[in-house]
Amino acid sequence: MSDETVLRVADLPQNSVTAFDLRPGPARLAEIAQDLGLDGLRKLRFSGTIRAEGKRDWRLEADLGATVIQPCVVTLDPVTTRIDTRLTRLFLADWTEPDEEEAEMATEDDEAEPLRATIDLDAVMSEALALNLPAYPRKEGVDLGQAVFTEPGKQAMTDEETRPFAGLAALRETLKKDS
């Protein structure tokens with residue numbers, strides 16, 4: 001397959017599989033990294049197949065592999081993470097938008113999308129990468145610690161004391177000692 005990342009559905013063969021293998025160059029990697037707020041992105045690869053599913057739908061199955069560099073949520077030091085994931089997308093010709101504002105979706109529905117005239121492999125790759133990024137990257141061995149705030153001259157309340165049953169646990173311990 002050529003380096004074209006947008007496939008016209010009308011041009012896809014109905015009776016055979018279409019393979020693809022995307023490996024963006026340095027300029028595109030830098031662009032994706034900037035769009036996703038990454039410190040760096042290297043070794044991005046998106047490869048798989050697209051095949052007809054029934055008479056009008058299309059199934060994309062692919063492997064996404066990437067090495068991302070993000071700032072640590074505690075120290076802001078760079079954290080390197082390897083992402084390797086398998087994904088499936090089902091492009092449906094008879095797609096209907098949910099009627100309600102907050103509609104529950106079945107598990108398999110998160111793989112479904114409306115079928116359009118084209119399938120943008122680069123957009124699917126970028127979305128899959130964004131969805132698989134660590135939400136809170138943390139450098140190995142780094143702990144968030146405990147923040148304590150209070151007015152001058154008063155004792156600070158700890159995280160343990162703010163838990164709903166902390167007072168009951170202390171009361172139970174006192175009752176055990178008194179018995």
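Residues numbered from 1 in each chain as written. Predicted model: local features only at pLDDT ≥ 70, side-chain atom pairs only at ≥ 80, totals over all residues. Heavy atoms only, no water.

J.: Is there a simple way to explain the overall build of the protein in this structure?
T.: Along its length, the protein carries three helices and seven strands. In the protein, the succession of α and β elements from N to C terminus is β-β-α-β-β-β-β-β-α-α. Within the span of the protein, comprising 179 residues, buried residues form 29% of the whole. The contacts of the protein with a sequence gap of at least 6 include a subset with a gap of at least 24, amounting to 62%. Carbon and sulfur atoms provide 49% of the accessible area of the protein, an area that totals close to 12600 Å². (Helix = DSSP H or I, 4+ residues; strand = E, 2+ residues; numbered from the N terminus. Buried < 20%, exposed > 50% of the residue type's maximum accessible area, 1.4 Å probe, protein only. Contact = heavy atoms within 4.5 Å. Areas by Shrake-Rupley, 256 points an atom, 1.4 Å probe, with all protein chains shown as cover.)

J.: What am I meant to see in a nonpolar patch on the surface here?
T.: Together, Phe165, Leu168, Leu171 and Leu175 line one region of the surface with nonpolar side chains, adding up to about 440 Å² of accessible area. Checked against the element boundaries, Leu168 lands in helix α3 (residues 166-178). (Patch = residues over 30% accessible without salt bridge, like charges linked within 9 Å, V, L, I, M, F, W, Y side chains within 5 Å. Salt bridge = Lys/Arg side-chain N within 4 Å of Asp/Glu carboxyl O.)

J.: Even after reading the chapter, I still don't get the pairing of strand β5 (residues 78-92), so can you show me in this structure?
T.: For a regular strand, the rule is simple: side chains alternate between the two faces of the sheet. Two elements, strand β4 (residues 57-71) and β5, share 14 bridges in a ladder whose sense is antiparallel. Within β5, the residue paired with Pro71 across the bridge is Pro78. The loop that links β4 with its antiparallel partner β5 comprises six residues; one of these, Leu76, has a positive phi angle of about 70°. As paired strands, β5 and strand β6 (residues 112-114) are joined by three bridges and run parallel to one another. Residue pairing across strands places Leu92 opposite Pro114, the latter belonging to β6. (Pairing = 2+ DSSP bridges.)

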